[in-house]
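In case you want the letters, here they are:
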Amino acid sequence: MKKSSLKIRHAKNYLFIGIIGLCSILLMIPLILIFYQLITLGGKSINLTFLTQIPKSPGESGGGIYNAIVGTTLLVALASLVSIPLGILTGVYISEYQNSRLSGAVRTCVDILQGTPSIVIGIIVYTWVVRPMSQFSAISGGVALGIMMLPVIIKTTEETLGLIPMSLKEASLALGVPYYKTILKVVIPTGFSGILTGILLSISRVAGETAPLLFTAFGNAFLTYSIFKPISAIPLLIFNYATSPYEEWHQLAWGASLLVVGMILLLNLVAKGVTKR
Amino acid sequence: MTESVLRLDHFNFFIGENQILNDINLKFQRKKVTAIMGPSGCGKTSMIRCINRMNEWVKNARVEGEILFYGKNLFQMDPILLRRKIGMVFQRPNPFPTMSIFENVIAGYLLNGIKLSKTDKERIVEDSLRKAALWDEVKDGIHRKGTFLSGGQQQRLCIARALAMNPRLLLLDEPTSALDPKATSHIEELIIELKKTVTIVLVTHNIAQASRVSDFTAFLYLGELVEYGETTKMFTVPEDKRTEEYLTGKFG
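Residues numbered from 1 in each chain as written. Chains lettered and ligands numbered in written order. Predicted model: local features only at pLDDT ≥ 70, side-chain atom pairs only at ≥ 80, totals over all residues. Heavy atoms only, no water.

Turning our attention to the overall build of chain A. When its secondary structure is counted, chain A shows 12 helices and zero strands. Counting only C-alpha atoms, chain A reaches 75 × 65 × 30 Å along its principal axes. Split into buried and exposed, the 277 residues of chain A put 42% on the buried side. Partitioning the contacts of chain A with sequence separation of at least 6, the portion at a separation of at least 24 is 73%. Carbon and sulfur atoms make up 71% of the accessible area of chain A, which amounts to about 14,800 Å² in all. (Helix = DSSP H or I, 4+ residues; strand = E, 2+ residues; numbered from the N terminus. Buried < 20%, exposed > 50% of the residue type's maximum accessible area, 1.4 Å probe, protein only. Contact = heavy atoms within 4.5 Å. Areas by Shrake-Rupley, 256 points an atom, 1.4 Å probe, with all protein chains shown as cover.)

A separate point is the nonpolar core. Grouped together as the largest cluster of nonpolar side chains are 78 residues, with contacts concentrated most on F96 and L129 of chain B. Looking at this core, the element that brings in the most residues is helix α6 (residues 138-163) of chain A, giving eight residues. Once residues within four sequence positions are removed from consideration, F96 of chain B is found in contact with L168, A171, S172, L175 and V186 of chain A together with N104, A107, L111 and R161 of chain B. Counting residues in each nonpolar core, the second largest holds 32 residues, with I24, I51, M54 and A218 of chain B among its members. (Core = buried A, V, L, I, M, F, W, Y, C linked by side-chain atoms within 4.5 Å.)

Moving on to the side chain of T34 of chain B. Residue and element names in this part refer to chain B. Inspection of the secondary structure puts T34 in strand β3 (residues 33-37). T34 sits in the buried class, given a relative accessible area of 0%. Once you skip the residues sitting within four places of it in the chain, T34 turns out to touch F28, I200, V201, L202, F216 and Y228.

Our focus in this paragraph is the interface of chain A and chain B. Taken residue by residue, the interface counts 17 residues in chain A and 23 residues in chain B. Between chain A and chain B lies a buried interface of about 1,700 Å² when both sides are counted; carbon and sulfur atoms form 68% of it. Contact with chain B buries surface across chain A, with E170, A174 and L175 of chain A losing the most and accounting together for 33% of the total. Taken together, chain A and chain B are joined by one salt bridge. A salt bridge links R49 of chain B to E170 of chain A, with the shortest nitrogen-to-oxygen separation between them at 2.5 Å. The element contributing the most residues to the side of chain A that touches chain B is helix α7 (residues 166-174) of chain A, with seven residues. Across the side of chain A that touches chain B, the residue classes tally to 10 nonpolar, four polar and three charged. (Buried area = accessible area lost by both parts, 1.4 Å probe. Salt bridge = Lys/Arg side-chain N within 4 Å of Asp/Glu carboxyl O. Nonpolar A, V, L, I, M, F, W, Y, C, P; charged D, E, K, R; others polar.)

A few words on the side chain of K181 of chain A. Counting through the fold element by element, K181 of chain A comes out in helix α8 (residues 179-190). Comment: no salt bridge for buried K181 of chain A; closest opposite-charge side chain is D78 of chain B, at 11 Å. Discounting chain neighbours no more than four positions away, the residues touching K181 of chain A are V186 of chain A together with L111, N112 and G113 of chain B. (Lys, Arg positive; Asp, Glu negative; His and termini not counted.)

For the rest of this paragraph, the subject is the packing of aromatic side chains. Tallied over the full model, the rule gives 12 aromatic pairs over all chains. Aromatic rings pair up to connect Y126, F136, F215 and F218 of chain A into one cluster. (Phe/Tyr/Trp six-rings, centres within 6.5 Å; stacked < 30°, edge-to-face > 60°.)

Turning our attention to the domain arrangement of chain A. Residue and element names in this part refer to chain A. Per the domain assignment, the segments of chain A are domain 1 (3-45) and domain 2 (51-276). Between domain 1 and domain 2, the contact holds eight residues from the first and seven residues from the second. Summing the contributions of domain 1 and of domain 2, the shared interface buries around 760 Å²; its carbon and sulfur component is 83%. Put simply, domain 1 and domain 2 have zero salt bridges between them. Linking domain 1 to domain 2 there are one residue pair in polar contact (both at pLDDT 80 or more). (Domains from an automatic or database assignment. Polar contact = N/O pair within 3.5 Å; in protein donor to acceptor, adjacent residues only side chain to side chain.)

Two quantities define a packed helix pair, namely the angle between the helix axes and the distance between the axes. Residue and element names in this part refer to chain A. Helix α9 (residues 192-207) packs onto helix α3 (residues 66-96) with a crossing angle of 140° between their chain directions and a minimal axis gap of 11 Å. Here α3 lies oblique to α9, going by the angle between them. α9 is crossed by α3, and the crossing has right-handed handedness. Where α3 approaches α9, its residues T72, V76, S80, I84 and I88 are matched on the opposing element by I195, I199, I203 and A207. Of the residues contributing to the contact of α3 with α9, the split by class is seven nonpolar, two polar and no charged. (Axes fitted to C-alpha atoms, helices over the stretch in contact; angles between N-to-C directions. Parallel < 35°, antiparallel > 145°, perpendicular 65-115°, else oblique. Left-handed = near helix turned anticlockwise from the far one by under 90°.)

Positive phi, normally seen in glycine, also occurs at S134 of chain A, with a value near 40°. In this fold, S134 of chain A is placed in the loop between α5 (118-133) and α6. By relative accessible area, which is 65% here, S134 of chain A ends up exposed. Despite not being glycine, D23 of chain B has its phi angle at roughly 45°, a positive value. Note on placement: D23 of chain B falls in strand β2 (residues 18-29). Residue class for D23 of chain B comes out partly exposed when judged on its relative accessible area of 36%.

Quick look at the sheet that holds strand β4 (residues 61-69) of chain B now. Residues and elements named next belong to chain B. What the four strands build is an open sheet, ordered β2-β1-β4-β5; its pairing is antiparallel. Looking along the sheet, the strands with just one partner apiece sit at the ends: β2 and β5 (72-73). Relative to β5, β4 runs antiparallel, the two being bridged by two bridges. Bridging from a neighbouring strand, F69 pairs with K72 of β5. The sheet contacts of helix α1 (residues 44-51) involve β1 (4-15), β2 and β4, and relative to β2 the element is tilted by about 65°. (Pairing = 2+ DSSP bridges.)

Residues and elements named next belong to chain B. Across the five residues that make up β3, a large majority, five, are buried. One ladder, built from five bridges, connects β3 with strand β8 (residues 199-204); its direction is parallel. Among the inter-strand pairings, A35 is bridged to a residue of β8, identified as L202. Pairing between β3 and strand β9 (residues 216-221): four bridges, direction parallel. Each residue of the ladder has a partner; that of A35, found in β9, is T217.

Attention shifts here to helix α5 (residues 118-131) of chain B. Each α-helix winds once per 3.6 residues, and so residues spaced three or four apart point in a common direction. Residues and elements named next belong to chain B. Between the first and last C-alpha of α5 there are 20 Å, a value that for 14 residues agrees with the 20 Å anticipated at 1.5 Å per step. Listed as buried for α5 are I124, V125, S128 and L129. Projection of α5 onto a plane perpendicular to its axis shows the buried side chains occupying an angular sector of 120°, all on one side. Close packing links the buried residues of α5 with α3 (101-105), α4 (107-112), α6 (135-138) and α7 (151-164). (Expected span 1.5 Å × (residues − 1). Arc of directions from axis to C-beta.)

Next up, the structure:
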C-alpha cells in the first residue's frame, strides 16, 4: 500500500474521532447553560429564610418555600412507600420467570406505563382518588408519583438481578435454604446497589414532576403536614409563582428551580457512586 | 464391603424428550471417595445434581427409578432437609459476595434462620475452616469479605461452608476446573483428608485427578454407566474397551 493513502486513512480516523468528541462536548453545553442561568437568577434567593419559611403575601419581600420542600418530601415518601416494595417484587418475578406469559405481559405493561404521559396519570388518579375522597390531597399526589416510579424500579431491578450469576442462587439452595429465603437473603442483597440506583433514579424522575400533581396534590400556599389535605410541591410552586405577576414570587420560583435541579443532580451523582461500589 | 450411603437403583433422568441418564445402578461406599469420570456431556453433573435434587429447578426434568440415601428413597424426602445433609461444592467458587469469610462459613445457618450462640458460631467457623485447611490463612482477617480471597482459597471457603452443615455426603462438581495447578493440588490433598469423616462423590473430567484421590471410580459414557470398580483396578486392568480407550486418551 502506498504511504500517502495510509496517511489519508490516519487523517480520516482523527477526523472521525474529532467529530464524535465535538458532538459529545456540544451535548454538555445546554446543561451547563441551564446551570449558569439558574445560579445567576436563583442563586441569590437561596438562603436560610428561603429554606425554612413559607411564602409571604404578594408585595411583601422575603419568605421561602418551606411548605413546598415539606410537600415534595412527603409526596416522594408516600410514593416510595408503595412503589419500592411493589416494584422490587415485580422485578424479582420477571427476572426469575423470564419466559412465563405473565412476565411477558408485565414487561409490556411496564413499557406502556413508562410511556404514558404524566398528565394522563394525573387525571386518572384524580378520578380514582381525588373524586371519591372529594378532596385534593398528598395521598393522591403520592399515588400519581408512585405509579410513575414503578416502571423505573421494576426495570432496574430486573436488569440488576439478571446479572447475578445462577451459581450464587444454587450455592444457597444447595445449603438447604428455601427458595423464598434465597431470594430475600441472597439475591436481593447481592443486587442491592443496582436496585438502590433504580430507586434513586426513579425518585429523581418524579421529584420534578408537575403535571401529575396539578389535579392531585394541587398545591397549597400554607404549610401542612397532613396527607389528607392539598399540599404544595416544589415544581407546583414554580409553576404557580412563575406565572404570577409579582417580582418577589418570580425570585422564589428561580430559587426553587435551582433547588430542584440541584437535588436531581445530587441524586444522580449518588446513584452513580452507588453503582460503582 | 463397607456400608453404602447412597445407592442409585435403575435410575433414569430425562430433560424433555432427551434421556440424560440411562438405567444407572451404583453404590457409594461410606467414607470413601468415589470419582465420577467421563467426557463432557456424559451426564456426570446431571447425576450428582439429582442426588441433592438441584435438577428439580430444570424445566421439564423428570426422574425414573430410585436413589436411596441411607436406605430411604430421597425423592420422598423433603428437598430442603435433604440438602442440609448433602453438601455441594460447585465448579466455580461461589462465596456470597455480601458476606464476610466468617458469615460465609455459617451461611447455611444464617440463611436458614437457625440461631446459634456466639461460642457455637466461633466453634463451627474454626472447625470448618480447619477441616477445609483454610484456617491458618484467614484467621487474622476473618471478618473481611470472602471475595477478596484467591480462587483456590474461595473454593476451600465453599468447602468449609458445606462442611459447616455437618453433611453426611459431600458432592464435589469438578471443584478444581477453575483453579490453577497449585490450588488444585491443595484441594486434592484436602479431599483425601476429608474422607476420614465424610463420604465424597467427586465429579471430574480429569483422569489423573480421579486416579490420585478416589477409592472407587465410575465411568460414565453417553448417559450409561460403562464400568464401576476400585480405582486402582480400573486404572490398571479396565474391563470395558471404552474405559480403556478413554483412559488412554483415544477419546474424551
